[in-house]
Amino acid sequence: MKLGFILGEVGTGLRRNLSMVVSVVLVTFISLTFVGTAALMQMQITQMKGYWYDKVQVAIYLCGEHNESSNCTEGAVTEGQRGEIESMLGSSAVKPYVDNFEYESKEQALAHFQEQFENSSMSETVTAEQLPESFRVSLVDPEKYQIIKELFSSTDGVDVVVDQRELLEKIFSIINIASFVAIGIAGVMILCAVLLVGTTIRLSAYLRRRETGIMRLVGASKSSLQLPFVLEGIIAALVGALLASGVLWAAVRFLVDEKLAIEYKDTAFISTGEVLIVAPWLILLGVVLAGVSSLVTLRRYLKV
Amino acid sequence: MIRFENVTMVYDQKSRLGSENARPGLDDVTIEIDRGDFAFLVGASGSGKSTFLRLILREIVATGGSVHVAGQNVARIPSWRVPKLRRGIGVVFQDFRLLPQKNVFENVAFAMQVVGESRSAIRDHVPQVLKLVGLEGKEKRQPDELSGGEQQRVAIARAIANKPQILLADEPTGNLDPATSVGIMNVLDRINQNGTTVLMATHDDGIVNSMRRRVVELSLGKIMRDEVAGEYTSMIPVINQDGTRELRQANHGTWQKPPAGSQAFAPFDTEDDMP
C-alpha cells in the first residue's frame, strides 16, 4: 500500500465528512485547552513555591501600644523583652531550626510597606507608629514552623507568630481548586471527544462502505483498510491539539507575560516557555486518544 | 483448485434471520473444481450458491467439513493472511459495484493500488486488462456514462487486475439483456482460456445451455447434479423416493417465497453490514 494512495483516501474521507471532522477538531481543541490550563496552573504553583519559599519567613510580631493579645497586657514591648526574645532565637534550643533572623523596626516596616504598596493611596496615610516591630526568622526547614510558633507564642512581648507561608497556601489552594475544576471540565470534554471521534469514524466508514467492500474483496490488508480512517481521526485531533496549544501560548503571552508579570513584578509567573513544555504532551494526548478510539470503533464496524 | 470436503454450513438462526427458520446454507457438500475449469453453479435462490462462493472467499467459515482453495484449508488461514487468499480470487457481482466518482481507469487501478502495486505497474497493466475485456479507449469515462454491459466489463477488469487464479462471478449477467450477456460470457470465456478458473453462479438458462460447460446444481444446500457439459435443466431423469421418474428442473418446486421480513440476504453485501 503506497503512502500517496493512503493519503488520498484520507483526503477523500476528510472532505466527505467535513462537518463531523470540524466538530472533532473543536471538541478536541476545547478539551485539550482545559487540560493545558490545568497543567499550566500547576506549573504556576510550583513556580511560586520555588520563588516564595526561599523568601518567606516566620514573622514574630512584637506588642505595640494597643495590642489586645494576652501577652501584651502590659502595653508595648520593652527593651528587656526584646533582648530576651533575641537571645532565645540565638539559644541552642532554637538555633538548629533557624537559618538566620533579623530585627525589623517600625521604620523599616514602614519602608517595606510603602515599597509593597507604592501605587496605593494607603502608603501615604500609614505611619510608622501603626506598624508593629518584628523579628523576621528564616527557617532551615520551613515545615518546622510549628516549633517556633509554640516556643514564642507564650513569650511576653510577642503579639503573634505568623507563618507567611500560610498566606501563600491560601493562594495556592485557590489555584489548585481552579485547576481541579479545569481537570473536571477537561475530563468530560475528553470523553465527548473520544465518543465523537468514534462516531465520526463510524460515519466515515459507513460513507465509504463501497470502497472498503471492494478493498476487502481485492485483498486489502487490515492495516491498509483501517489506516485511512485512523489517520482521519488523528489528523482531526492533531488540528484540535495545535489550536489548543496556540490559544494557550497566546493567553500566556498576552495575559501573563504582558500584563500580570508587568503589574506584579515581585511575583514569579510562568511564561511561554512553560507552554512549549505542555504543548507536546497535549498533542500526544490528542493523537493517542483519537487513534485508540478510532481503532476500537473500526474493530467493531470495519471487519476485514 | 477449489475442493469442498463434506462441507456443511448452518447459519445461526438468531443472528441472521431472527426467526425460527434455520437457513439451509450447505449440507454435506463434497466437490472439486480443477484448475482452469469453467463451472456454472445453478439452483434456486436460497439453494446455497452464495454460501458456496462466500466460503471460498472465507467471508464465512464452514460449520462442518473443510474448504480448500489453491491447496490451503481456508478455515486454517489466520485472519491476517485472509487478504492474501482474496488477492488470488477475483469477484464479479450482478450490480457491478463500481466506484461512481472514479473513471474506468481509476476503478481498475484501485484494485491494484489497494494491494500496493507501483504506479508504473498500474500504468502498464490497466490498459492491457481493459483491452482484454474490450474497453479500449474508454479509460476516461465515468461509470454513469457506460452501458450496463460496459460497466460489467469494468467490474471484470477490476476483478482480474491482480491476475487472480480464480474468478468468482455471482450472477454477472443478472442485470443485462441477452445480447449483452453473450458479450460478457465471451469475456469470461477468454479469461478462462488464459488459465483462470471461473466459477459462475447464475439463473440464466440461455447462457448455460449455449456454453455447454460443467454445471453444478444445488438445491437446499445439497448438490443435485454435477455434469461435465450440462444444461440448465437436467436431462437425466431423477428417480424419486416413491419410485416415480421425472425430469427434475432446476427451478421447479424448490423456490419458496421467503417469510416476510426475512429476505434471503444479498451475497457479499457489505452495504448493509454497517448499522
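Quantities reported herein were computed from a predicted structural model and do not represent experimental measurements.

### Here's the deal with the overall build of chain B
- When helices and strands are tallied, chain B shows eight helices and twelve strands.
- The buried share among the 275 residues of chain B stands at 51%.
- Within chain B, residue pairs in contact and separated by at least 24 positions form 69% of the contacts whose partners lie at least 6 positions apart.

### Details of helix H10 (residues 272-301) of chain A
- The terminal C-alpha atoms of H10(A) lie 43 Å apart, and with 30 residues this matches the ideal 44 Å at 1.5 Å per residue to within 8%.
- At A:Val278, H10(A) is bent by approximately 25 degrees, the largest bend along its length, and proline A:Pro280 sits one to four residues beyond.

### Describing the sheet that holds strand S10 (residues 222-227) of chain B
Residue and element names in this part refer to chain B.
- An order of S6-S7-S8-S3-S9-S10 is seen for the six strands of this open sheet, with the pairing classed as mixed. Strands at the two margins of the open sheet, each flanked by one partner only, are strand S6 (89-93) and S10. Across the sheet, the mean angle separating the axes of adjacent strands is 15 degrees when strand polarity is ignored.
- Looking at chain direction, strand S3 (residues 38-42) and strand S8 (residues 197-201) are connected through four bridges and run parallel. Its bridge partner lying in S8, Phe38 is registered against Val198.
- The strands touched by helix H6 (residues 148-160) within the sheet are S6 and strand S7 (166-170), with S6 carrying the most contacts at an inclination of about 165 degrees.

### Some remarks on the pairing of S3(B)
All names here are of chain B.
- Where burial is concerned, most of S3 is hidden: five out of the five residues are buried.
- Neither face of S3 is exposed, since Phe38, Phe40 and Val42 on one face and Ala39 and Leu41 on the opposite face are all buried.
- The sheet contact formed by S3 and strand S9 (residues 214-219) spans four bridges and is parallel. The residue bridging Val42 from the neighbouring strand is Glu217, located in S9.

### Details of the confidence of the model for chain A
- Of all residues in chain A, 96% have pLDDT values of 70 or greater, and the mean over the chain is 85.
- In the model of chain A, helix H5 (residues 122-125) of chain A stands out as the element of lowest mean pLDDT, 71, in contrast to H10(A), which has the highest, 92.

### Considerations on the nonpolar core
- B:Phe40, B:Val114, B:Ile156, B:Leu167, B:Met185 and B:Leu188 are the most contacted members of the largest nonpolar core, which totals 72 residues.
- B:Leu26, B:Ala39, B:Val67 and B:Phe93 belong to the second largest nonpolar core, which has 35 residues in total.

### Some words on the domain arrangement of chain A
- When its domains are assigned, chain A resolves into domain 1 (3-52 + 169-301) and domain 2 (58-163).
- Computed over C-alpha atoms only, the centres of domain 1 of chain A and domain 2 of chain A are separated by 51 Å.

Rules of the game
- Residues numbered from 1 in each chain as written.
- Chains lettered and ligands numbered in written order.
- Predicted model: local features only at pLDDT ≥ 70, side-chain atom pairs only at ≥ 80, totals over all residues.
- Heavy atoms only, no water.
- Helix = DSSP H or I, 4+ residues; strand = E, 2+ residues; numbered from the N terminus.
- Buried < 20%, exposed > 50% of the residue type's maximum accessible area, 1.4 Å probe, protein only.
- Contact = heavy atoms within 4.5 Å.
- Expected span 1.5 Å × (residues − 1).
- Bend = angle between axes of the 7 residues up to and from the residue.
- Pairing = 2+ DSSP bridges.
- Axes fitted to C-alpha atoms, helices over the stretch in contact; angles between N-to-C directions.
- pLDDT = per-residue confidence, 0-100.
- Core = buried A, V, L, I, M, F, W, Y, C linked by side-chain atoms within 4.5 Å.
- Domains from an automatic or database assignment.

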